[in-house]
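Chain and residue survey
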Amino acid sequence: MSEGKILSGLLAPHPPHIVYAENPPQNEPRSEGGWEQLRWAYDRARESIERLKPDVLLVHTPHWITQVGHHFLGVPHLAGRSVDPIFPNLFRYDFGLNVDVELAEACCEEANKLGIVSKMMRNPKFRVDYGTITTLHMIRPQWDIPVVGISANNTPYYLSTGEGLGEMDILGRATREAIRKTGRKAVLLASNTLSHWHFHEEPVPPEDMSKEHPERYDGYKWDIRMIELMRQGRMKEVFQIMPQFIDEAFAETKSGAFTWMHAAMGYPELAGKLHGYGSVIGTGNAVIEWDLEEAGLSSLGAELQPA
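Everything quoted here is computed from the prediction, not taken from an experiment.

**Points about the pattern of salt bridges**
Summed over the entire model, instances satisfying the criterion amount to 25 salt bridges. The salt bridge involving Glu50 is made with Lys53; its shortest N-O contact spans 3.6 Å. Residue classification places Glu50 among the partly exposed positions, given a relative accessible area of 38%. Using a relative accessible area of 56% as the deciding quantity, one classes Lys53 as exposed. With its nearest N and O atoms 3.5 Å apart, the salt bridge here joins Glu110 to Lys113. Taken together, the residues span about one helical turn, with Glu110 and Lys113 both in helix H3 (residues 101-113) at a distance of three residues.

Here is the structure:
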């Protein structure tokens with residue numbers, strides 16, 4: 001078996017509005033468009049997936065919440081209807097996806113080895129959350145690449161931010177080792193919004209872009225500051241100020257997907273490629289890619305040593 005690779009990692013946010021705006025056949029509500037900046041950003045990300053041809057897409061979502069441990073999808077095929085509990089008027093999506101159970105089990109095993117509680121989800125009727133589905137649809141609407149779905153243990157919300165993100169670092173290292181051992185060519189998807197201040201009333205129609213803008217100027221300024229650091233490859237600085245960003249911009253990166261992804265990639269000081277930035281109900285969303293294959297950093301080599 002050849003050694004595994006992490007081909008790239010993407011910050012891939014999940015507002016259901018952008019699926020709604022595309023009018024895919026799987027989603028029941030119909031729209032008149034909207035949120036084009038983010039949808040065009042995902043178009044560019046899709047071109048990258050087509051070029052890289054990964055074996056598997058791994059996605060960590062903040063909307064599959066598990067209180068005890070980190071859970072991994074563990075059923076070969078899952079199908080059903082996923083409904084956004086906040087925006088059921090926009091997102092009623094009939095999904096069908098194939099799971100790389102072997103890799104999911106390897107991730108779970110490696111995480112347990114490193115001392116974090118992890119479990120496999122074996123319910124064949126499990127309804128996959130809208131965060132996972134939105135990110136996967138926007139990255140690969142053909143649904144022809146197997147996936148590994150990972151829950152949000154929400155440790156950063158119950159412990160201190162530092163302790164919680166430390167656990168996500170361990171989860172990322174476990175993921176890296178599982179990919180290495182199974183020989184997969186993987187793309188990682190961190191399903192996180194940036195600033196998460198949002199409106200509490202929806203315009204009519206929802207896709208009226210004259211009503212769409214950042215909810216708070218300070219959240220917007222934080223987003224731009226963080227994006228500029230990422231575009232310059234100053235990732236050590238990004239992680240140094242991440243706790244402050246989380247506190248002051250109510251950033252969804254607190255759920256840990258962003259840390260998980262970069263830990264798995266080995267925290268490369270690599271410039272992220274900004275595919276696009278846009279606001280959805282006032283929140284800040286960026287599609288950013290770290291192309292490890294292009295940079296010659298996709299080979300995983302030996303097991304990472306503890307930080």
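**Brief notes about the packing of helix H2 (residues 36-52) against helix H4 (residues 130-139)**
Their axes nearest at 8 Å, the elements H2 and H4 cross at an angle of 70°. Judged by the angle between their axes, H2 and H4 are roughly perpendicular. Taking contact as the criterion, the partners of Arg39, Tyr42, Ala45, Arg46 and Ile49 in H2 are, on H4, Thr135, His137, Met138 and Ile139. Counted by class, the contact of H2 with H4 contains five nonpolar, two polar and two charged residues.

**What about a nonpolar patch on the surface?**
Taken together, Tyr157, Tyr158 and Leu159 make up a surface patch of nonpolar side chains, about 330 Å² in accessible area. Among the secondary structure elements, Tyr157 is positioned in helix H5 (residues 155-158).

Conventions and cut-offs
- Residues numbered from 1 in each chain as written.
- Predicted model: local features only at pLDDT ≥ 70, side-chain atom pairs only at ≥ 80, totals over all residues.
- Heavy atoms only, no water.
- Salt bridge = Lys/Arg side-chain N within 4 Å of Asp/Glu carboxyl O.
- Buried < 20%, exposed > 50% of the residue type's maximum accessible area, 1.4 Å probe, protein only.
- Helix = DSSP H or I, 4+ residues; strand = E, 2+ residues; numbered from the N terminus.
- Axes fitted to C-alpha atoms, helices over the stretch in contact; angles between N-to-C directions.
- Parallel < 35°, antiparallel > 145°, perpendicular 65-115°, else oblique.
- Contact = heavy atoms within 4.5 Å.
- Nonpolar A, V, L, I, M, F, W, Y, C, P; charged D, E, K, R; others polar.
- Patch = residues over 30% accessible without salt bridge, like charges linked within 9 Å, V, L, I, M, F, W, Y side chains within 5 Å.
- Areas by Shrake-Rupley, 256 points an atom, 1.4 Å probe, with all protein chains shown as cover.

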